[in-house]
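# Residue-level structure breakdown
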Amino acid sequence: MTLMPKFCAAITICIMALSVPADAQPGRMPLNVTDSDVVPTGNEWIALPEIKADDGGIGSFNVLSMRYRGLLQVSDPTSGSVVRPTLAIDGKAIPIQQLHWSVIAYWIPVARMTVDGVEFELTYCAPKDTRAAFIHMRARNAGAKPVDVQLGADIGWGAFERVTYQPVALTGRRTMQPAPWVDDAEVFSYLTDDTQFSWAALHPQMKPAASTHRSVSVRSSVTTVAPGQAFERDIILAPGLEEFSAPHNAKALRERIDRAGAEAVIAETANWLESKARQTGRADLDLLMNRNAFFTRFYAWGRTIDTETLVGVTSRSPRYYVSAAYWDRDAMLWSFPALLRFDPAMARQALEYALTVQLKNTGTHSRFIDGTVLEDGFQLDEAAAPLNALADYVATTGDMAFLRAHRTELKNLAAALLSHRDENGLFNSWQDSQDEYRRQAYLTYDNVLTWKVLTQLSALYARLGERSEAARWRKSADGLRLAIMQRLVVEKEGSRMFVAGSDGKTDTLMEDIPPGSLVKIAALGFVSTSDPTFQATMRWLHSPAYKFSFSDKTYGLPGSYRLPFTTSWALADHLRLPAENAKALKILLSTSWDGGIITEGVDPETGQMDRAGRAFATAAGYVSATICDLYCLPTK
């Protein structure tokens, strides 16, 4: 099937790594992973970022904590897994390896292998509205003779860390004991003067076979399985504030499974996920788009275990190098658009958080999840981000009640933004969109984004019936537009083109800044793609004259000194340009990314993912929203 972008004629695209077989099961799609990859899943309460593709072990899991202002991560560096499933057939321990991976409803991982006539399957599910997740283990006898099967797991923790950017070991005592008031379960507690955190492993109809003070091996009874029959067991993981809440969170999920059956709980979760998914009419693009939409939904946002507050973070995965902090830009410019397109009710909650908990330090480089400053320094794109998100939300949903309820926040954010306008008519910033200090205070993308926000402010006040305010912001936008064209455009090689930034006089930045690229200027509505100044800028960015153009590389799009590769932002931004769409889409679909999850970018020479920027939850939202804008079919 040939897919037609909404702005151009049909194009033929070469699909490689993410191609999907025609006989793929409905609701289940294969994943292209290597043994070194991980396959994440989770819900608002618990994240499983490191399900290991080689043996199905859960390398770590984490929760968000307001007390600790970031992630609390449980891992076991010695064994490599907090939970490692086990299988024995006819009394022989079977290595779990060479797994074939797929996902149900784009988000529920399933691993399969067949050995000695037994089809072994692991399904990892974190049902909506539960403070727990479970592994459903299933062994089906596909042979002609009965076999004896034993299922189990090795469970333990060797490390407990707070993660905000970097893991920091917590130095209290870690203990394990039978769970109070809950059978077939152990509770693992972290204690200082009191219990600060606990987690439980519940294993119905499996008993401890061996244990230490921090680990336990549990096994089912040996069960004879007839040909065509299956044997199933579950391992339930649940966090809690202390020794009682953790196992009872697990118990609540066990009872749900007992009443409906594990497969029904998985199906119910899948049905909910499918209800949030969007379709393009093409399976490979649907997989990339929806998987990343769910990744931004569950890894850029989550609820804290102690205050139950919905918070936003760069990523809930420790694989991302600046995980577990809040950035206005990441949350509101990159992740929020995907929430708005896939789950508007969730978008409303995320925006509420930005306009309350995070309000007082809006525009500051980065913050902890409680709103206090993590890294100081003003960034113009961050100051503009929540206003842009609010305008998009109201324009998309028509939710005037939300706008009226946040009239004061709107006024305060607009005034704070305006305070950074200088006498030359431009808005200043200390850092650029790749978080680097710039001597040149006036950044072109940031000012164009601010111009858009000023026009949005005019529209918002018009909606509120405040005509004089609407006219004031429209006039302000017009003045900024004039200043941009006068001060951030230069004559180069016989053409006028945009620069990346300037001191407002003669010192200009002749480069690109991919997270805030000059390529975005047309998408923001400042100029059309046919505008001569924009076209001259694009020619220069894609020419050998620009050191980081990568114009001669198969997978090359303009990067920067800070990001010397083809970034995920560049791919999304070029996808929106008719002249660049085919190449951008080919690159997007020619790499397996990180088990299908967007990273910071790919090597322009090989197309292999950048390993430093893996599990980038907010960028996943940016790319998935862009794909949806261009290719999503109308919702029913």
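For the structure itself, consult the block above.
Throughout what follows, the structure given in this document is the object of discussion. From a predicted model like this one, the values you see are computed outputs, not experimental measurements.

### Focus on the sheet that holds strand β1 (residues 28-30)
Spatially, the 9 strands line up as an open sheet ordered β1-β8-β9-β10-β11-β21-β17-β16-β15, and their pairing is antiparallel. Only two strands of the sheet have a single neighbouring strand rather than two, namely β1 and β15 (173-178). Taken pair by pair, the neighbouring strands of this sheet meet at an average axis angle of 20°, ignoring direction. Running at roughly 120° to strand β11 (residues 133-141), helix α2 (residues 262-276) makes contact with β8 (100-104), β9 (108-115), β10 (118-125), β11 and β21 (230-240) of the sheet.

### Examining the nonpolar core
Ranked by size, the top nonpolar core spans 217 residues in total, and within it Trp101, Trp199, Trp301 and Met332 carry the most contacts. If sequence neighbours within four positions are ignored, Trp101 has contacts with Pro30, Leu31, Val33, Val39, Ile51, Lys52, Ala53, Gly56, Pro109, Val110, Ala111 and Tyr124.

### So, the pairing of strand β28 (residues 495-498)
In terms of strand pairing, strand β27 (residues 489-492) meets β28 through 4 bridges, oriented antiparallel. Within β28, the residue paired with Lys492 across the bridge is Ser495. Between the end of β27 and the start of β28, which pair antiparallel, lie 2 residues, with Glu493 showing a positive phi angle near 55°.

### Considering the environment of Ser215
Here Ser215 shows up in strand β19 (residues 215-220). Accessibility expressed as a relative area gives 25% for Ser215, which makes it partly exposed. Expressed as a C-alpha distance, the spacing of Ser215 and Phe188, which sit 27 residues apart in the sequence, is 8.9 Å. When near neighbours in sequence (up to four residues on either side) are disregarded, Ser215 contacts Ile155, Gly156 and Met176. Reaching out from Ser215, the side chain makes a polar contact with the side chain of Thr212 at a distance of 2.7 Å.

### Structural notes on the pattern of salt bridges
According to the stated counting rule, one finds 35 salt bridges in the structure shown. Notably, a salt bridge pairs Glu121 with Arg112, separated by 2.5 Å at the nearest N-O pair. Using a relative accessible area of 13% as the deciding quantity, one classes Glu121 as buried. In this structure, Asp399 engages Arg348 in a salt bridge whose closest nitrogen and oxygen atoms are separated by 2.8 Å. Of this pair, Asp399 sits in the loop between α6 (380-397) and α7 (400-405) while Arg348 sits in helix α5 (residues 344-354), placing them 51 residues apart in sequence. Sharing partners across several salt bridges, the network here consists of Glu44, Lys276, Arg297, Arg303 and Asp343.

Rules used throughout
- Along each chain, numbering runs from 1 in the same order as the chain's sequence is written.
- Given that the model is predicted, a residue must reach a pLDDT of at least 70 before its local features are reported, and side-chain atom pairs must reach 80 or more before they are shown or counted; all residues, however, enter totals for whole chains, interfaces and linings.
- No hydrogens and no water enter the side-chain calculation; it runs on all heavy atoms of the structure.
- The criterion for strand pairing is that DSSP finds at least two bridges linking the strands in question.
- Counting from the N terminus, the helices are DSSP H or I runs at least four residues long and the strands are E runs at least two residues long.
- Angles run from 0 to 180 degrees between N-to-C directions of axes, and those axes are lines fitted to C-alpha atoms, restricted for helices to the stretch in contact.
- By definition in these notes, contact holds between two residues if any of their heavy atoms fall within 4.5 Å.
- Residues enter a nonpolar core if they are buried and are Ala, Val, Leu, Ile, Met, Phe, Trp, Tyr or Cys, with the set joined through side-chain atoms within 4.5 Å.
- Think of it in three bands: residues with accessible area under 20% of the maximum for their type are buried, residues over 50% are exposed, and the middle band is partly exposed, with areas taken using a 1.4 Å probe on protein chains only.
- For this analysis, a polar contact is any N or O atom pair within 3.5 Å, provided that within protein one partner can donate a hydrogen and the other can accept it, and provided that sequence-adjacent residues contribute only side-chain to side-chain pairs.
- Any Lys or Arg side-chain nitrogen located within 4 Å of an Asp or Glu carboxyl oxygen qualifies as a salt bridge.

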